[in-house]
Amino acid sequence: MERALKELDHVRTSPDADAVHDLRVALRRCRSVAAVMEEVDPDRSWREMRKVGRKLFRQLGELRDTQILEDWTKKLGTEQEAVRHRLLSGLEKKEAELRQAALKVAGKFDQRAWRKLEQTLSRRVRVVPLDGLAAECLALQRYEAAKELHAQALRTDKPEHWHMLRIGVKRFRYTVESLLPERYEAWGDNLKHVQDLLGDVHDLDVLSEKVAQEASSESEEVRAAWAERIHCERHGRLDAYRQLTHGNSNLWQEWRAGLPQGSRLEAAAMARIRSTARALIGNAVRAAQVARLATRLYDGLRRAHAAPLFAEKHLRKVMRAAAQIHGIGRRLNPHAPQKAARNFLRDMAVPPGCEEEEWELLGSVVRYHRGVAPKVKHKSFGRLTPGQQKAVCVLAGVLRLARALRKCGVVSASGLRIEKSVDALILYVPGLEETEQTVTRLAAGKYLLESTLEEPLILKAAPGVLKVVELPKKEEVRPPSAAASD
């Protein structure tokens, strides 16, 4: 954001092609970071930053596109061609108008609001540590989206598909540049080269349309000559792109190898979820205590074989994620926090390493971890299968019980254990005070879990875990020798 202000001064002083390009790139970097960060942090400051720079960014884009078309026209046309003269005449006139419009918008740019947002966002961006797992997860999302566009573009020669690939690669590049600086050291040159190749392809496609309009009254020979020149330039760039991205050692494979895979993929998805929790949960200590209690309760129920669904490994992943993120709703909408949290997760892109079904279960668990109990008549809950409904009730029930325990003063999961008797599940909780208020809270907190498992859940106070400290041995006192007694 500081760089954008420096480039803004350059444009105001001398709005040449390089200055316009540098300012537009600086603004694009800011907007790209905002778009990525909004996926984990829905704070309105990110949207405001994009809004402040939007008008100037678009105005500079039109000016920059015109300048690029001028360069290509000069390069591909000959001095004697009427088409070249008409194109340049129109483009130069349009450039002068756009330059004045850009200077006008640049003069009205709200620097005060920009600096204020810079102070706010420099703090908020820290929820995603540079070169961390959450940053890797966000970059992998951009990679997968761009890779899918790559596959689509290779199946056709249509300009729109190559244009979409160019945008996808651009988003991936700026995400890596901003959040994974160590990898950008190794990948930066190739990413920029690929982006430049695809950018040239797009510019040539635009020029082809312009030439077709201007040369409509010209002879077939003139139109064919222009089409051949544009095709040769375009084909050369596409061929260079294909060579870089084809074979066993292509760039797509190199980039993928440097992003999370295997067990690290699930860890990266959890890190992204924790970033959202850091951004939205006000009382991090309380949320962490509930998360530890919920995870310990779930593992205890699994070891006690409380129900067959505890054997499903993917549900523990959903439980861990729900425990981390369950408290995000209040910052989203204090009047309907659970619904707001569910809707936010539903709109969020599913992180790599998570399945669609797991993500939907996560949203439902967060929706029902407190407040009204889930019912089949609820639209989102009713469309789940019976097995999914039971899973949501169990996981949400575990969270409800964990929250109730914390409200009763239980802040540590140490020593908490569950035993299965003939007709009940017995939960031993160290430090639990069996007061009337505690009994009432725990009865409400365990109700959903107890009714879903169809088995009584009995909570009992258990002695805390004693730490045995071995004292140092005293030195043995030796009896006086006979010689000494003499």
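Note that the structure is predicted; figures quoted are calculated from it, not measured. (Residues numbered from 1 in each chain as written. Predicted model: local features only at pLDDT ≥ 70, side-chain atom pairs only at ≥ 80, totals over all residues. Heavy atoms only, no water.)

**As for the overall build of the protein chain**
Then comes step 1: Along its length, the protein chain carries 20 helices and three strands.
Then comes step 2: Rg of the C-alpha trace for the protein chain: 31 Å, well past the compact-globule value of 23 Å for 486 residues, more than 25% over.
Then comes step 3: Principal-axis analysis of the C-alpha atoms places the extent of the protein chain at approximately 120 × 85 × 50 Å.
Then comes step 4: Burial statistics for the protein chain: of 486 residues in total, 49% are counted as buried.
Then comes step 5: For the protein chain, restricting intrachain contacts to residue pairs at least 6 apart in sequence, the fraction spanning at least 24 positions comes to 76%.
Then comes step 6: Summed over all atoms, the accessible surface of the protein chain reaches about 25,700 Å², with 50% contributed by carbon and sulfur.
Then comes step 7: Averaging the locations of the 85 positively and 66 negatively charged side chains of the protein chain gives two centres separated by 8 Å. (Helix = DSSP H or I, 4+ residues; strand = E, 2+ residues; numbered from the N terminus. Rg over C-alpha atoms; globule rule 2.2 N^0.38 Å. Buried < 20%, exposed > 50% of the residue type's maximum accessible area, 1.4 Å probe, protein only. Contact = heavy atoms within 4.5 Å. Areas by Shrake-Rupley, 256 points an atom, 1.4 Å probe, with all protein chains shown as cover. Lys, Arg positive; Asp, Glu negative; His and termini not counted. Charge placed at Lys NZ, Arg CZ, Asp CG, Glu CD.)

**What about the layout of surface pockets?**
Over the atoms, a rolling probe the size of a water molecule traces out where space has been left empty.
Then comes step 1: There is about 650 Å³ of room inside the largest pocket.
Then comes step 2: Along the wall of the largest pocket there are 26 residues; nearest its centre are Arg 24, Arg 28, Phe 57, Ile 167 and Lys 170.
Then comes step 3: Broken down by secondary-structure element, the contributors of at least two residues to the lining of the largest pocket are helix 2 (17-37), helix 3 (44-76), helix 4 (82-107), helix 7 (159-179) and helix 8 (181-214).
Then comes step 4: For the lining of the largest pocket, the class distribution of residues is seven nonpolar, five polar and 14 charged. (1 Å grid on protein atoms, 1.4 Å probe; cavity = no way out; pocket = protein on both sides within 12 Å on 5 of 7 lines; lining within 4 Å. Points joined across faces, edges and corners; volume = space filled by probe spheres on them. Nonpolar A, V, L, I, M, F, W, Y, C, P; charged D, E, K, R; others polar.)

**Observations regarding the nonpolar core**
The tendency in soluble globular proteins is for nonpolar side chains to be buried side by side.
Then comes step 1: Counting 130 residues, the largest nonpolar core has Leu 362 and Leu 405 as its most contacted members.
Then comes step 2: Take this core: its biggest share by element is 12 residues, from helix 18 (residues 386-407).
Then comes step 3: When residues no more than four places from it in sequence are discounted, the contact partners of Leu 362 are Ile 273, Val 318, Ala 321, Ala 322, Ile 325 and Leu 345.
Then comes step 4: Residues Trp 72, Val 83, Leu 204 and Leu 207 belong to the second largest nonpolar core, which totals 13 residues. (Core = buried A, V, L, I, M, F, W, Y, C linked by side-chain atoms within 4.5 Å.)

**A few points about the packing of aromatic side chains**
Here the distance between the centres and the angle between the planes together describe a pair of aromatic rings.
Then comes step 1: Taken as a whole, this structure holds nine aromatic pairs when the rule is applied.
Then comes step 2: Ring geometry for Trp 252 versus Trp 255: centroids 5.2 Å apart, planes at 80°, classification edge-to-face. In this pair, Trp 252 and Trp 255 are both assigned in helix 10 (residues 251-257), three residues apart and thus about one turn of the helix distant.
Then comes step 3: A relative accessible area of 1% places Trp 252 in the buried class.
Then comes step 4: When its relative accessible area of 1% is taken as the criterion, Trp 255 is described as buried. (Phe/Tyr/Trp six-rings, centres within 6.5 Å; stacked < 30°, edge-to-face > 60°.)

**A closer look at the environment of Ile 273**
Then comes step 1: Here Ile 273 shows up in helix 11 (residues 263-280).
Then comes step 2: If we ignore the near neighbours within four places in the chain, the residues touching Ile 273 are Ala 321, Gln 324, Ile 325, Trp 359 and Leu 362.

**Examining the pairing of strand 1 (residues 417-420)**
Then comes step 1: Pairing between strand 1 and strand 2 (residues 425-430): four bridges, direction antiparallel. From the neighbouring strand, Lys 420 faces strand 2, where its bridge partner is Leu 425. (Pairing = 2+ DSSP bridges.)

**Remarks on the packing of helix 16 (residues 356-367) against helix 18**
Then comes step 1: Viewed as axis vectors pointing N to C, helix 16 and helix 18 meet at an angle of 50°, and their least axial separation amounts to 9 Å. Taken together, the axes of helix 16 and helix 18 are oblique relative to one another. Note on packing geometry: the crossing formed by helix 16 with helix 18 is right-handed. Across the interface between the two elements, Glu 357, Leu 361, Ser 364 and Val 365 of helix 16 pack against Gln 388, Val 392, Leu 395, Ala 396 and Leu 399 of helix 18. (Axes fitted to C-alpha atoms, helices over the stretch in contact; angles between N-to-C directions. Parallel < 35°, antiparallel > 145°, perpendicular 65-115°, else oblique. Left-handed = near helix turned anticlockwise from the far one by under 90°.)

**Description of the side chain of Arg 31**
Then comes step 1: Secondary-structure assignment places Arg 31 in helix 2.
Then comes step 2: The charged side chain of Arg 31 is buried without a salt bridge, its nearest counter-charge being Glu 38 at 9.0 Å.
Then comes step 3: Discounting chain neighbours no more than four positions away, the residues touching Arg 31 are Arg 50, Gly 53, Arg 54 and Phe 57. (Salt bridge = Lys/Arg side-chain N within 4 Å of Asp/Glu carboxyl O.)

**Observations concerning the sheet that holds strand 1**
Then comes step 1: Pairing is mixed across the open sheet formed by three strands, whose spatial order is 1-2-3. Unpaired on one side and paired on the other, strand 1 and strand 3 (457-462) mark the two borders of the sheet. The mean angle between the axes of side-by-side strands here comes to 25°, regardless of whether they run parallel or antiparallel.
Then comes step 2: Across six bridges, strand 2 lies against strand 3 in parallel orientation. By the bridge assignment for strand 3, Ile 426 is matched with Ile 458.

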